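What follows is each chain in one-letter form.
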Amino acid sequence: MLLPRFEYHEPTTLEEALKLLSELGGNAKVLAGGTDLLVRMKQKIDRPAHVISLARIPGLKEVTPRNGHGISVGAGASAAALSRHELLWDRFTPLASASSRLGSPLIRNRATIGGNLVNARPAADMPPACMVLNATVKLKSRSDERDVPVAEFFRGPGETVIEPNELMVSVNMETPPPWTGGAYFKLAARKSLEISLVNVAALITLKSSNGAIVDAKIALGAVAPTPVRAYAAEQVLIGNKPSDKLFQKAGETGVGMCSPITDHRGTMEYRCMMIEVLTKRCLSMALESARSWKPLK
Amino acid sequence: MGEFNVISTRAPRLDAAAKATGKAKYADDFSMPGMLHGAILQSPIAHGKILNIDISRARRLPGVKAVMTAKEAGLVKYGVSPARYDETLYAYEKVRYVGDEVAAVAAVDLATALEALQLIKVDYEELPAVFDMFEAMKEGAPLIHDEFPGNLTAEVHQEFGDTEAAMAECDLIVDHTLLNKRQDAAFIEPHCCLANFDLDGKLTLQTSTQVPHYVMRTVAMVLRIPVGNVRVVKPYVGGGFGPKAEATPLEMSAALLARETGKPVKMNYSREQVFLHSRARHQFYAEMSLGVKKDGTMVAVRNKAVLDGGAYTSFGIATVYYSGSLLGGPYKLKAMKYDGMRAYTNKPACGAQRGHGGVIHRAAFEQLVDRTAQQLGLDPLEMRLKNIMATGDVTINELDMSSLGMKECLESVRDGSGWYKKKGKLPKGKGIGSACGFFVSGAGYPIYRSDTYHATVMVKLSEDGGIVNILSGSAEIGQGSDTMMAMIAAEALGVPLDCVRVVSGDTDLTVDLGAYSSRQTLMTGHAVKEAAEHARAQVVEVLADMMKCDPASITIREGKLLFDGGPGKFDEIRKTYMKEHRGWTDPPSGDYLTFKEAARMAYLAKGTIVGTGKYKPPKLGGSYKGAAVGTSPAYGCSAQVVEVTVDMETGEVTVDAMTDAHDCGRAINRTQVEGQMQGSLSMGLGECLFEEVKFDSRGRILNASLGEYKIPTALDMPNVNTIIVESNEPKGPFGAKEVGEGAIMPTIPAILNAIYDATGVRITELPVSPERLYMGMKAKKKEK
Amino acid sequence: MKRIIQLTVNGELAEVAVDPNRTLLQVLREDLGLTGTKHGCGLGDCGACTVILDGQPVNSCLVLAVQANGSDVLTIEGLAENGKLHPLQQAFVEKGAIQCGFCSPGMILSAKALLDQNPKPTEKDIRMALSGNLCRCTGYQKIVEAVQAAANGEYMQGGDS
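Anyway, here's the lowdown on the structure attached to this text. Quick caveat, the model's predicted, so the values are computed rather than measured.

Parameters at a glance
- Residues numbered from 1 in each chain as written.
- Chains lettered and ligands numbered in written order.
- Predicted model: local features only at pLDDT ≥ 70, side-chain atom pairs only at ≥ 80, totals over all residues.
- Helix = DSSP H or I, 4+ residues; strand = E, 2+ residues; numbered from the N terminus.
- Rg over C-alpha atoms; globule rule 2.2 N^0.38 Å.
- Contact = placed C-beta atoms within 7 Å.
- Pairing = 2+ DSSP bridges.
- Axes fitted to C-alpha atoms, helices over the stretch in contact; angles between N-to-C directions.

## A closer look at the overall build of chain C
On a plain count of helices and strands, chain C comes out with 5 helices and 7 strands. In sequence order, chain C lays out its α and β elements as β-β-α-β-β-β-β-α-α-α-α-β. Radius of gyration (C-alpha) of chain C: 15 Å, near the 15 Å computed for a compact globule of 161 residues. Counting only C-alpha atoms and orienting by the principal axes, one finds that chain C spans roughly 50 × 30 × 25 Å.

## Comments concerning the interface of chain C and chain B
Contacts between the two partners involve 42 residues from chain C, matched on the other side by 45 residues from chain B. Mapped onto the side of chain C that touches chain B, the elements with two or more residues apiece are helix H2 (87-94), helix H3 (104-117), helix H4 (123-129) and helix H5 (141-151) of chain C. The element contributing the most residues to the side of chain C that touches chain B is H2 of chain C, with 4 residues.

## Considering the sheet that holds strand E9 (residues 192-197) of chain B
Residues and elements named next belong to chain B. Across the sheet, 7 strands lie side by side as E3-E5-E1-E12-E9-E10-E11; this open sheet has mixed pairing. The sheet is open, and its two edges are formed by strand E3 (64-69) and strand E11 (230-233), each paired on a single side. When strand polarity is set aside, the average angle formed by the axes of neighbouring strands in this sheet is 20 degrees. When strand E1 (residues 36-42) meets strand E12 (residues 265-268), the two strands line up parallel, connected through 2 bridges. Opposite His-37, over in E12, you have Lys-266 as the bridge partner. Relative to the sheet, helix H4 (residues 110-119) contacts E1, E3 and strand E5 (101-107), its axis offset from that of E1 by approximately 30 degrees. Docked against the sheet, helix H7 (residues 212-223) engages strand E10 (203-207) and E11, running at close to 145 degrees with respect to E11.

## Focus on unusual backbone geometry
The omega angle of the peptide bond from Gly-329 of chain B to Pro-330 of chain B is 0 degrees, so this bond is cis rather than trans. Looking at the element boundaries, Pro-330 of chain B is found in the loop between helix H10 (316-325) and strand E15 (335-343). Here the bond from Leu-766 of chain B into Pro-767 of chain B is cis, since omega is -5 degrees, no more than 30 degrees from zero. Relative to the helices and strands, Pro-767 of chain B resides in the loop between helix H20 (747-759) and helix H21 (770-783). For Ala-222 of chain A, which is not a glycine, the phi torsion comes out positive at approximately 70 degrees. When you line up the elements, Ala-222 of chain A lands in the loop between strand E13 (213-221) and strand E14 (228-229). Residue Glu-398 of chain B is not a glycine yet carries a positive backbone phi of 65 degrees. Within the secondary structure, Glu-398 of chain B is located in the loop between helix H12 (380-387) and helix H13 (406-417).

## Things to note about the sheet that holds strand E6 (residues 136-140) of chain A
Residues and elements named next belong to chain A. Here we have 5 strands laid out as an open sheet, ordered E4-E5-E10-E6-E7, and antiparallel in their pairing. Edge strands, defined here as strands with exactly one partner in the open sheet, are strand E4 (63-65) and strand E7 (145-149). Going from strand to strand, the sheet's axes swing by 20 degrees on average, the running direction of each strand aside. Bridging between E6 and E7 involves 5 bridges; their strand directions are antiparallel. Counterpart to Lys-140 in the pairing with E7 is Glu-145.

Next comes the structure, spelled out in structure tokens:
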């Protein structure tokens, strides 16, 4: 399969990249891992006149803890790097887990968190995880900079609030409070190389190891044009002691938040049923993780 | 050690090191100076009249060297079975599916060729299309081929014994239906070829094919090149599984364009085009009834098949016959009735894929056996054991089971899987299932009516050095036939395997029908054995003369000659050899005369030593219509037990364990036989759980990629407890018969029967996606 | 407009002029004549094009050649040393892990990347590491056995090609 022709730019600094974006904007696509963009270009879905590679720009790949109260993940960090990161697994489990389930090991070595978020495929793995972690994304343009909560980032399939002259440089999250645990669950046909049929991320905070749920976040992917927070389902949980019955109720409520489609991968009816099942499971996994919370050394 | 020196071992493949190092060259790895790239224009609509084709702009694009349509290519009809030559290279008058070939272009590079395709203007008058096989056969459906009213490619009606009467005798009659979807073979190497004419008008076509011989004939016929001027050479091939067992428009286009331009032309199918070309597994609807006695004895079968064959026939006639004939065994029956229909639809043509027409009907039948066993209160595996045939039995449709290790296969998987410990004792959500199957070891007749040998082989001994060169038109496509031939030749000659070289896959060498219908081990192997023995006889004749002994007293073992079991007095011979090799610092030594020396003597006495071998099956089968399909010199058979875990909340199926026993007559190479078993099971698992080609309402494929057409990954396939059974087939070389296709037969039903065991849901439609099983479980709950 | 790129391929410096829209796979195969890396799908779905890029196994069909400027690339041709098979190659040969061979270069390189990182992998680790490389012939079993055997040191460096 052949790639169409394009002008290639390889800025070596962030400033250079932002300058290019401000000039070329709508006629350019940013190339990070390439596992999405190059596929779309080979399929003739995207035909940008310009491609701006981030490969040479320093500082975009780092995962930087911020002194116990948060973490900054470079938008160019690969899914593989995230899936191996100890602190992410420990404190930001849904993101580490989602990263580990993306595509295949080969894809993960190239795919980036920035790409996964900006491409905004409804079934993407990382967005629901970022949502339950209350992440914000830092968008820079030549003249400006803004932080957008992930919850407000997605507009529709393939559409986000990012402007043509903006680049996502980092994804930032506050460390969740003690007794918080998270999980990510993906339903697909095979056990690798799959796009989710339904995916769920959950984050639960307990009052104490045996205590009630003081906070809960649930996000669902592949069941609406964008990933969605299941706010009503979260309300079912907050203030109550965790139990299978409670999680079941949350699952049932979650279904109401979604508008899955019927397509060749599955029917709406099945997806709705699975929202219920997977939400329940994801919550159980998150609970287990919350109960085994330990302070960092 | 055993009775053999070379065969029956785990010798590494001859080509493994080349493949492990990237040295092995496949079709796309070749280039020639001045090479052009070709591309094919395909119809974007499923059914339509071609009103006009304007190639003028394409022709004028700089870099374009030739543009061909039906007008330039001609209208010679071709296909697979001569009785159904229903295709032309490029569509004329109408297109019949999305992907139907309309024109081809050769240009200096692929990008230019693809750009040229965009400049070809085709005016279509779109016609109503039909995509469902049942709809296609109804009154008033759009007619796809004028000569085939009702869109019926082929119709089969067979009856053996008196089914009505036999059913009337039965205590119980059970029904079952099963519907699958079209599959794709999903070999990892897409089709590719390189065509080049020399200045004498001789074509050399390098192509990724299973059947150089059939490609040669088709290309010669369609392009009207004298057949003696067509040479097809198969390089290493990255898998075939059936769809590469016929000539493709890619090959014919490359040859046509090469002839037109006078330059070598390379052409590839993209992965998407592989799906569009298809020639893969049909969609089958199976509807059958089994009549039994209450003690579980099988009496009669009524079997119906409806096939979606797509826009052209391809292998389809054989397919629709196989759906019936391959139910004649492996169980004893008093009567069998079969009605089969293959319909044309406006979709890519379906052909032969591993197990051919037998796979889905075998799956349906094995589910039917389980269903029946359940109603009778019998253990399904025991019921199978009760009814299976044995060596020497002949099926009701006159297929001769000259060897059949069916009992041993069933007992091995029963014991190897721990059947009795598990059946009926597993927790909810876990299940165990069994099934059997059998398959031909090479089709009894070639695809075109002919008296041709199915395999001819030359074994040429090097004039010096004692190397054994096997020359064969057979096709190594990954299944290991080259190594099989080498091992058989080495065994027959009495030399070590490392003395043997194989040159194969070239129509200039010998005739071989190729790699399909699981034939090469039995048929080509037979010819190799004969050729090796012939070469051996010539060497022995010369040695007997030189040593003044009876040829029958000479043995060759591990490359050494024994005379009456001993070393004999061969000093003179060795002296002669050494005189011919003055200056060598590593002369033959040791207490025995070496094969190298003997072969040299034979050459000096007789000239180049060439052994020839050939194989043609005897006239097989009954005298009824269609009897040919299903005939074979021998049949491989197998049994499987599969264990699954079903996620009761999502419907996801995980195959935890597979126990597989296959009777291959004699394992020429044990590792290779196991590899074919494991690979077959992996394909069966994929077809059962994940694989289907999906179409939209306009006949376009929705999932023409390996991302959306899902074959098992390393995380989806369990380990297989692989058991080789050897029934020593009298008509096979050293007792060998097939494994390549037969092994897949029990896979789908064993999984389905295990799913039933786990959930109580009897699957009637494939693939068993999580959703399908989930909905099945939901419906079952409602019933209760 | 072509760019000159320099990359180390199998230990040797290569310099090529490439159009930006050429993939690393195309340049390896067509410009450098290293046809051991295969094209199976072009979309990252099959892994036949796997190479080790700066120490990581990737689908070379989804890497632009220009992105590999200055990088280190290992293809299947770079594994054997002085005509001697790498232990993984030997294991694949001996254990019957190769049938048609088309997935083998990619599969072997993914396995090498695994063993470089994790010299004592479990069966699960192996299957996970190979889960981006499709095989239609073998059912993966003998491939897994070969990787295990190589990891266990059954094949020391120095077999014959």
